[in-house]
Amino acid sequence: GKQAKASTAYQPALAYFKVGMGLLAEEGWQRQYELTLALHTEGAEAAYLSGDFEGMEELAAVVLERARALLDQVKVYEVKIQAYILQDKKREALQTGLEVLSLLGVRFPEKPNKLHILLGLLKTKLVLAGKRIEDLIDLPEMADPYKVAAARILISISAPAYQTLPELFPLTGFKQINLSVKQGNTSESIVGYYVYGTILCGVLGDFDAGY
């Protein structure tokens, strides 16, 4: 029903992208890099939204092979993660997210456990030490594009982490808070604060701070 209608709505856009990419052909990556990158990236997203997962994978593979910089690849990684989630391939979504996060300098333990959660909680408390909760909203806006990209990927993997590797889920929230306090807030910071607040209330019994 609704999903079919949504998929159909993106088919004209996908056709447009295919025509554009056909016109650019191989030399587009050399002479019209930005345009070619945008067409392949948006084409991959249009394919995913129209339910053409095979087409999405093909276009994403081209971007990952031909893009000149990691930041040029991030949007395609996000598309792949969302496509895997839509196909109920949560482990693939999580693995893809962890791989790109590692490239962005954000790493997690291979097999997270309660000790990692405890250490992450203590580190987060240290980062927040001496800061008033009500002042967190006044942090500057995050400017480092690599950190902004990492914040977006952390959001993308939060749900599959919660469902397939629960021990990793709180660690994603801690990472988000650490990024925000050190680099500035983004709209994605909301999830980090939410996760930490939930732990304060539900695990530590610190209802005032959690609220």
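See the structure shown above.
Below or above, wherever it landed, is the structure these notes cover. (Residues numbered from 1 in each chain as written. Predicted model: local features only at pLDDT ≥ 70, side-chain atom pairs only at ≥ 80, totals over all residues. Heavy atoms only, no water.)

Turning our attention to the packing of helix H6 (residues 90–103) against helix H8 (residues 145–164). Packing of H6 against H8 leaves a shortest axis separation of 9 Å and a crossing angle of 145°. Crossing handedness for the pair H6 and H8: left-handed. Residues Lys90, Arg91, Ala93, Leu94, Gly97, Leu98, Val100 and Leu101 of H6 touch H8, and the partners they reach there are Ala150, Ile153, Leu154, Ile157, Pro160, Ala161, Gln163 and Thr164. Looking at the contact of H6 with H8 residue by residue, the classes come out as 11 nonpolar, 3 polar and 2 charged. (Axes fitted to C-alpha atoms, helices over the stretch in contact; angles between N-to-C directions. Helix = DSSP H or I, 4+ residues; strand = E, 2+ residues; numbered from the N terminus. Left-handed = near helix turned anticlockwise from the far one by under 90°. Contact = heavy atoms within 4.5 Å. Nonpolar A, V, L, I, M, F, W, Y, C, P; charged D, E, K, R; others polar.)

Helix H5 (residues 70–86) packs onto helix H4 (residues 53–66) with a crossing angle of 155° between their chain directions and a minimal axis gap of 10 Å. By the criterion of interaxial angle, the relationship of H4 to H5 is roughly antiparallel. With respect to the hand of their crossing, H4 and H5 are arranged in left-handed fashion. Within the contact between the two elements, H4 uses Phe53, Met56, Glu57, Ala60, Val63 and Leu64 and H5 uses Asp72, Gln73, Val76, Tyr77, Val79, Lys80, Ala83, Tyr84 and Leu86. Taken together, the residues of the contact of H4 with H5 sort by class into 11 nonpolar, 1 polar and 3 charged. (Parallel < 35°, antiparallel > 145°, perpendicular 65-115°, else oblique.)

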